[in-house]
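# Inside the fold
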Amino acid sequence: MNPKNNLTGQGHIGWIETSICIGSFVHVKMFLANPRELCQMGGTAAWMLPLIGFFGATIIFFILNQLTTTFSRASLLSIAGLFWGRAVQFILGILFSVSFILINGYQLRIFAEFVLTTLLPQTPISTVVISMVILNVYLAFGGFESLSRTIMIIAPIGLTVLTLALTFGGSMGNIYNLSPWLGYGFWDTLGTGVLYTSLYEEIILFGFIAPLFREQKDFRRSGLATLTLSVFLFVFAQVVYEMCFQIRSAQQMGFPLYQVTRLIRFETFLQRLDPMFVFVWASVSSIGLAVGLYSGALTLAQGIRAPDFRPYLIPLAVLSICVAFIPPRSLDAVQTYSIMPWLLQVPFFGLPVVLLLWSKLFYRSGESHP
Amino acid sequence: MTNNSKGANKVTAYIKDLLSVNESTTQTQFSVSPNRPPIRRHLNINKPQKPETITPIPSDVHDLHQLLKGTFRAKRNPDFIIRLLTASWGRITLAFYESVTNSELMQESVIGPLLEYAGSVEDITPQRLADALTYCHVIETISSFEDAVKNIVMGMSLIHIEGFDWAIVVDLRQQQSRGIGTPRIETVVPGPYDAFVEAAQKNLSLLRMRLAVPGFMAESLPSGRRSRGPLYLLYIDGLTNPKLVWEMRRRLKSIDVDMIYNIGMIEQYVQDRPISLFSQMLLTERPDRTVAFLLEGSVAVMLEGSPLVLIAPVNFWSQLHSPEDIYFRWPFGTLARFVRLIGLFISLFLPALYVAMVSFHPEMIPTELMLSIASARERVPFPSFVAVFFLELAFEFIREATLRVPKVIGATIGIVGAIIIGQAVVEAGIVSPVMIIVMAITVLAGYSMPQYSLTFSLRIVRLINLLLGSIFGFYGVLLGLVALIRHAVGLRSLGMPFLTPVAPLEKRFLTPFFRKPPFKEEKRPGYTRPLDTFKAKKVTRPWDASVPLELVFLDESKK
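All values reported here derive from a predicted model rather than from experimental measurement. (Residues numbered from 1 in each chain as written. Chains lettered and ligands numbered in written order. Predicted model: local features only at pLDDT ≥ 70, side-chain atom pairs only at ≥ 80, totals over all residues. Heavy atoms only, no water.)

### A closer look at the overall build of chain B
A tally of helices and strands in chain B yields 18 helices and twelve strands. Its C-alpha radius of gyration of 32 Å places chain B more than 25% over the 24 Å reference for a compact globule of 559 residues. Along the first, second and third principal axes, the C-alpha atoms of chain B reach 100 × 95 × 70 Å. Within chain B, the proportion of its 559 residues that are buried is 46%. (Helix = DSSP H or I, 4+ residues; strand = E, 2+ residues; numbered from the N terminus. Rg over C-alpha atoms; globule rule 2.2 N^0.38 Å. Buried < 20%, exposed > 50% of the residue type's maximum accessible area, 1.4 Å probe, protein only.)

See below:
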């Protein structure tokens, strides 16, 4: 029988779906306050920061690729368990799960604040948070395959609307708002760019879903496609944002991309595009948030060697709601969330590096793979 | 063992328990696909649940008659006939149901030849008896009374010769069925005008009339404990993936019920996710459509007594396609598919988006239009949701009433409905005129779906979206949209992803939306995993000057 006709070949994830799915996870922050933070840190050269961070993230991804190649696409936590035993695997599982839930909780809070600001000013925030979490649990319950297929339906609409919004917004901007071209100077920009490798820290998820790939080639393709898509959208959005607003304003703007879309006017058919943009953006973000919740449950299940991640989704969702309500004000949530990626890149990027070093220095190839 | 080592073991066990949640499964590989259940349910459907009793056929005529009369309650059931013929060479028992047996055929092909049989009774064997009945095509020898009963209730006629412990059954059934008619729910403008009827044999003839391949199989399967007609599993051997055939056969054989009244029941039994609002299989009354799906590698199920055929696997997009798309030239087919796709979105989301826009985001609408809508709504005391819900109900009542009332007054119902919905409710200030337009477009868009059952699914989803849109505005609509997509991507049709080739993404992912010219479609759809991938040659227009000559040469060199 033709191998293509073999039904048993099913059950793995496709590289395009995975790229777009993890890309949506990476991009949740772009729709929040991230463009403003980049402007604060990089000045007019803020659009270069994702570009510089991209190179750092690519190195980390190749480390992940090397590890998964060596260990037959085993999960990072399984590899850690093999090297250092169950106890370490357990601790790392908890650590990563907590990290993902922290990210998820803060993103949820900022997302809900955004929805309240733009769409539902009279609605209690808890209603938005809880309804989104219920949707996230439902989305994550089907696993990564289901998440990636869902995003494949939404992504074409999302990307089209985002591109249109940014293009129309950009057409109203001024290119000279990007000058001085090197912002606060070459070395400052480079240093900040390296720090902002954290923009792509979600690619660590590749290390946990590696067993879902059929071939290493797909894993590599998917990772590089995710990074390429992400850097393109980050840079595009940042350039448009900076063109639309002078740098002083851009450094203080709340929900930057939303402000860009507010500039667009279609007098004849739709007067304002921003609610439609929010609608599409929120659809993509809901998948991104669900991927965050899924990541938390998956790492927890892998850490404690549970056979299924689904029982942890609801408890972690409850924890995520709790985290979402920790910051007393929206501003506090934004401030904490802006620091969080810098701190979290230590475990997120550190683990693959340490694992690779360990495998090269101390691991003997004769030992059984996980 | 010392106390120290015991203590150490305890501590180790405690830590082990703390760090693992399920000891029995920690050694297994981590499950990465929640869609596949870890426990495979084995179902031995071929094995009978309880041992069958076998009663030999009595060789004595009186005993046989007693047994048959008792089993079929012959005294109270005059339809059941036991006839004793006395020929020169012996006594013959005939048993059959009068209502399903062709009496002329019985006389000409059974009674006549038996009475004229010239051999002696000692020489009779089942083979010789069958040879004597030259007009009967279906003859089976049976040796148990249970088989005799089973065949008689299926409409066969039993023939028994006194003194033997075997009998034969012959097929003299006459089927009462209407003639082949025109399609009722899948009408097309260009294309064939024949449709399936209730008689499976006629339906099979309609298919065989079109499909001239020896591999076209019509496997007969039981269709219930008390049901007569068989189920037919249709597929093309050598083209359809055997795993699909095996899976469908397994599911059909698992149905152990009294009676299957209609193919719609089978659909519910064999669907991958019957609780879903969407049907994951396709029901059609068109032979041409059935043949098209069979040639794409799907399997079909036909039931005696049902004028519809069930097809699986299918994808969601095929429910948006009409046979017309193929019969028209490709630009019209493509346009029609796009129109239906837009119709799908309108049917699902227009009322919800309208309510969300009017109630929560009026700033989106141009000022003049917003003022116009506001002035139209000024007289209406109810919120938009109530008005939309009222109109939905009104449309439902009209639809139900039109279906139920006698046809002669069907038009009256339509007129009454139009007056109520179109004029009276606006004048009474119950709903606004804009709302009427929105709902009319929505309902029309819903009925533009070629698959009738899809219209019902859309209606329910529309109401859910409307509720969400009324509560949360655009945010609610997005909740509904994402949940709907998540639900749809999780569906499978006979194990195949329902939204393929879009999710999961496959190479020809635009095929459902663009109807390519037929001469450019050389491959069958991939989701059925057919054994024979190609359905046409690479070059089917070698005479066309625009076809590069190289293609023609390359194609010929393959031969």
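Next, the rest of the story.
### Considerations on the overall build of chain A
Assigned secondary structure in chain A consists of 15 helices and zero strands. A compact globule built from 370 residues should have a C-alpha radius of gyration of about 21 Å, and chain A, at 21 Å, falls within 12% of that. Dimensions of chain A along its principal axes, counting C-alpha atoms only, are 65 × 50 × 45 Å. In chain A, the proportion of contacts linking residues at least 24 apart, taken out of those at least 6 apart, comes to 84%. Accessible surface, chain A as shown: approximately 13800 Å² in total, 69% of it carbon and sulfur. Within chain A, the 15 negative side-chain charges are centred at a point lying 5 Å from the centre of the 20 positive side-chain charges. (Contact = heavy atoms within 4.5 Å. Areas by Shrake-Rupley, 256 points an atom, 1.4 Å probe, with all protein chains shown as cover. Lys, Arg positive; Asp, Glu negative; His and termini not counted. Charge placed at Lys NZ, Arg CZ, Asp CG, Glu CD.)

### Concerning the UniProt feature "transmembrane region" (unreviewed entry) in chain B
Under the present numbering, the feature "transmembrane region" (unreviewed entry) in UniProt falls on residues 338-360, 380-398, 405-424, 430-448 and 460-485 of chain B. The span residues 430-448 of chain B is 79% helical and 0% strand by assignment, and the distance between its end C-alpha atoms comes to 28 Å. (UniProt positions renumbered as here; feature names shortened; annotations may be inferred.)

### A few points about the sheet that holds strand β6 (residues 216-221) of chain B
Working definition: the strands of a sheet are paired by backbone hydrogen bonds and lie parallel or antiparallel to each other. All names here are of chain B. The five strands lie next to each other as β6-β7-β9-β10-β8, forming an open sheet whose pairing is antiparallel. Edge strands, defined here as strands with exactly one partner in the open sheet, are β6 and β8 (282-284). The average undirected angle you get between the axes of adjacent strands in this sheet is 25 degrees. Sheet analysis places β6 next to strand β7 (residues 231-236), joined by six bridges and oriented antiparallel. Residue pairing for β7: S220 is matched across the bridge by Y232. (Pairing = 2+ DSSP bridges. Axes fitted to C-alpha atoms, helices over the stretch in contact; angles between N-to-C directions.)

### A word on the pairing of β7(B)
All names here are of chain B. Here β7 lies mainly inside the structure; six of its six residues are buried. Burial of β7 is two-sided: the residues L231, L233 and Y235 facing one way and the residues Y232, L234 and I236 facing the other way are all buried. As judged from the four bridges shared by β7 and strand β9 (residues 299-303), these two strands associate in the antiparallel manner. The partner of L233 across the bridge, within β9, is V301.

### Observations regarding the sheet that holds strand β3 (residues 139-142) of chain B
Residues and elements named next belong to chain B. In spatial order, the strands read β1-β2-β4-β5-β3; together these five strands make up an open sheet with antiparallel pairing. Since the sheet does not close on itself, it has two edges, and those belong to β1 (80-87) and β3, each with one partner. For this sheet the average axis-to-axis angle between neighbouring strands, irrespective of direction, equals 20 degrees. Sheet topology note: the strand β4 (residues 157-161)/strand β5 (residues 167-170) ladder contains four bridges and is antiparallel. The residue of β5 that forms the bridge with H160 is A167. Helix α5 (residues 145-153) rests against β1, β2 (90-97), β3, β4 and β5 of the sheet, and its axis sits at about 150 degrees to β3.

### Comments concerning the confidence of the model for chain A
A residue-level look at chain A finds 93% of positions with pLDDT of 70 or above and a mean pLDDT of 88. Confidence, read as mean pLDDT per element, is least for helix α12 (residues 256-262) of chain A in chain A (85) and greatest for helix α14 (residues 313-324) of chain A (96). (pLDDT = per-residue confidence, 0-100.)

### Some remarks on the domain arrangement of chain B
For chain B, the assigned domains are domain 1 (61-170), domain 2 (177-314 + 497-559) and domain 3 (340-490). Averaged C-alpha coordinates put domain 1 of chain B and domain 2 of chain B at centres separated by 40 Å. (Domains from an automatic or database assignment.)

### Observations regarding the side chain of R462(B)
Within the element layout of this structure, R462(B) appears in helix α16 (residues 452-472). Once you skip the residues sitting within four places of it in the chain, R462(B) turns out to touch S347(B), L348(B), P351(B), E392(B) and T442(B).

### Comments concerning the side chain of H487(B)
One can find H487(B) in helix α17 (residues 474-489). What makes H487(B) buried here is its relative accessible area of 16%. In contact with H487(B), other than residues within four places in its own chain, are Y138(A), R273(B), S276(B), L277(B) and F278(B).

### Details of the pattern of salt bridges
Under the criterion given, the structure shown has 28 salt bridges over all chains. The partner of E113(A) in a salt bridge is R109(A), with the nearest N and O atoms 2.9 Å apart. Residue E113(A) and its partner R109(A) are located together in helix α5 (residues 86-118), separated by four residues, close to a single helical turn. Across the pair, R109(A) and E113(A) agree in class, each one buried. The salt bridge involving R399(B) is made with E400(B); its shortest N-O contact spans 2.7 Å. Overall, R399(B) belongs to the buried group, its relative accessible area being 12%. Via salt bridges that share partners, E396(B), R399(B), E400(B), R404(B) and R459(B) belong to a single interconnected network. (Salt bridge = Lys/Arg side-chain N within 4 Å of Asp/Glu carboxyl O.)

### What to know about the nonpolar core
Of all hydrophobic cores here, the largest spans 210 residues; its most connected members are I209(A) and Y475(B). No fewer than three residues from each of domain 2 (177-314 + 497-559) and domain 3 (340-490) of chain B sit in this core. With residues up to four places along the chain from it excluded, the contact list for I209(A) reads I13(A), T18(A), I22(A), F144(A), Y294(A) and L298(A). Membership of the second largest hydrophobic core comes to 24 residues, among which are L233(B), I263(B), L283(B) and L308(B). (Core = buried A, V, L, I, M, F, W, Y, C linked by side-chain atoms within 4.5 Å.)

### Here's the deal with helix α6 (residues 200-210) of chain B
Turn by turn, an α-helix covers 3.6 residues, leaving residues three or four places apart pointing in a common direction. Residues and elements named next belong to chain B. Residues A200, N203, L204, L206 and L207 constitute the buried set of α6. Take α6 and look down its axis: the buried residues cluster within an arc of 155 degrees, on one side only. Tucked inside the fold, the buried residues of α6 contact β6, β7, α9 (287-295) and β9. (Arc of directions from axis to C-beta.)

### Quick word on the packing of helix α11 (residues 330-359) of chain B against helix α13 (residues 384-404) of chain B
All names here are of chain B. Following both chains from N to C, one finds α11 and α13 inclined at 160 degrees, their axes separated by 10 Å at the closest point. Compared by their axis directions, α11 and α13 come out roughly antiparallel. Note that α11 runs across α13; the crossing there is right-handed. Across the interface between the two elements, P351, V355, V358 and S359 from α11 touch S384, F385 and V388 from α13. Of the residues that constitute the contact of α11 with α13, the class distribution is five nonpolar, two polar and no charged. (Parallel < 35°, antiparallel > 145°, perpendicular 65-115°, else oblique. Left-handed = near helix turned anticlockwise from the far one by under 90°. Nonpolar A, V, L, I, M, F, W, Y, C, P; charged D, E, K, R; others polar.)

### Side note on a nonpolar patch on the surface
Residue and element names in this part refer to chain A. The grouping of I175, Y176, W181, L182, F186 and W187 at the surface amounts to a nonpolar patch, some 750 Å² of accessible area in total. When you line up the elements, W181 lands in the loop between α7 (143-171) and α8 (186-195). Residue W181 is classed as partly exposed on the basis of its relative accessible area, which comes to 45%. (Patch = residues over 30% accessible without salt bridge, like charges linked within 9 Å, V, L, I, M, F, W, Y side chains within 5 Å.)

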